[in-house]
Amino acid sequence: FLGAVGAPKVSGLMLEQYFRESAGSLPVLNEQLLHWEVTSFERGWFESRAESVLTIRLDDESHRVYLQHQIQQIPGLDGRHARVYTTPVSSESLGPLVPWLNPNQESIEIVTTLMLNGKTRSSIRVDGVEGKVNPGSSSWGEWSGLNGFFDTAPDGRVHFSIHSPFFMLSDENRRLEA
């Protein structure tokens, strides 16, 4: 009986260790382009919370996206060890880079399932947006959003699929659609 009562706390301890180790060793992250760092982890019995920073390096500039993670550490009959719900909460510098895609306003949902066998499956959904690309200009952008997933295996293999049906940028003189 005591083992069953303490299992969620032990699971939370294992998840914290996994979470911190994963941040430094994800095979899909190229340190020259992306860096992920866990900044806090609050362990609970059945649910933990964490915060992290994803740094994106473009054109010799670093852009930080701050993430919150809600971790449900209840094993499932499907072999699930835990499920992580990730939400971007702010970006100090991506706003000026892509002002019409604002993590503070758009619905971005990332759900990662951690399996007991070491595999993971993450699904991502981003709502579509439309509006002026730069305030005060005639440029206009429209994007249908995206849906996708990526799976990882303990040996480092990654499988992914991303679907975004429509993207358009235009100004007075040009129009790009994809």
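Residues numbered from 1 in each chain as written. Predicted model: local features only at pLDDT ≥ 70, side-chain atom pairs only at ≥ 80, totals over all residues. Heavy atoms only, no water.

## Concerning the pattern of salt bridges
Inference 1: Counted according to the given criterion, the structure contains 7 salt bridges.
Inference 2: Across the salt bridge formed by E47 and R49, the nearest N and O atoms sit 3.2 Å from each other.
Inference 3: The exposure class of E47 is partly exposed, given its relative accessible area of 31%.
Inference 4: Among the salt bridges present, the one from R125 reaches E109, with a minimum N-O distance of 3.7 Å. (Salt bridge = Lys/Arg side-chain N within 4 Å of Asp/Glu carboxyl O. Buried < 20%, exposed > 50% of the residue type's maximum accessible area, 1.4 Å probe, protein only.)

## Quick word on the packing of aromatic side chains
Inference 1: Following the criterion strictly, the structure yields 0 aromatic pairs and no others.
Inference 2: Seen from the ring of F149, R121 lies directly overhead, with NZ or CZ sitting 4.0 Å from the centre. (Phe/Tyr/Trp six-rings, centres within 6.5 Å; stacked < 30°, edge-to-face > 60°. Lys NZ or Arg CZ within 6 Å of the ring centre and 35° of its normal.)

## Examining the pairing of strand β8 (residues 158–163)
Inference 1: In terms of residue burial, β8 counts as a barely covered element, since only 0 of its 6 residues are buried.
Inference 2: Sheet analysis places strand β7 (residues 140–152) next to β8, joined by 6 bridges and oriented antiparallel. Residue pairing in the sheet places F150 in a bridge with F160 of β8.
Inference 3: Hairpin geometry of β7 and β8 is characterised by an intervening segment of 5 residues between the two adjacent antiparallel strands and by a positive phi of about 95° at G156. (Helix = DSSP H or I, 4+ residues; strand = E, 2+ residues; numbered from the N terminus. Pairing = 2+ DSSP bridges.)

Read these as spatial facts, not as claims about activity.
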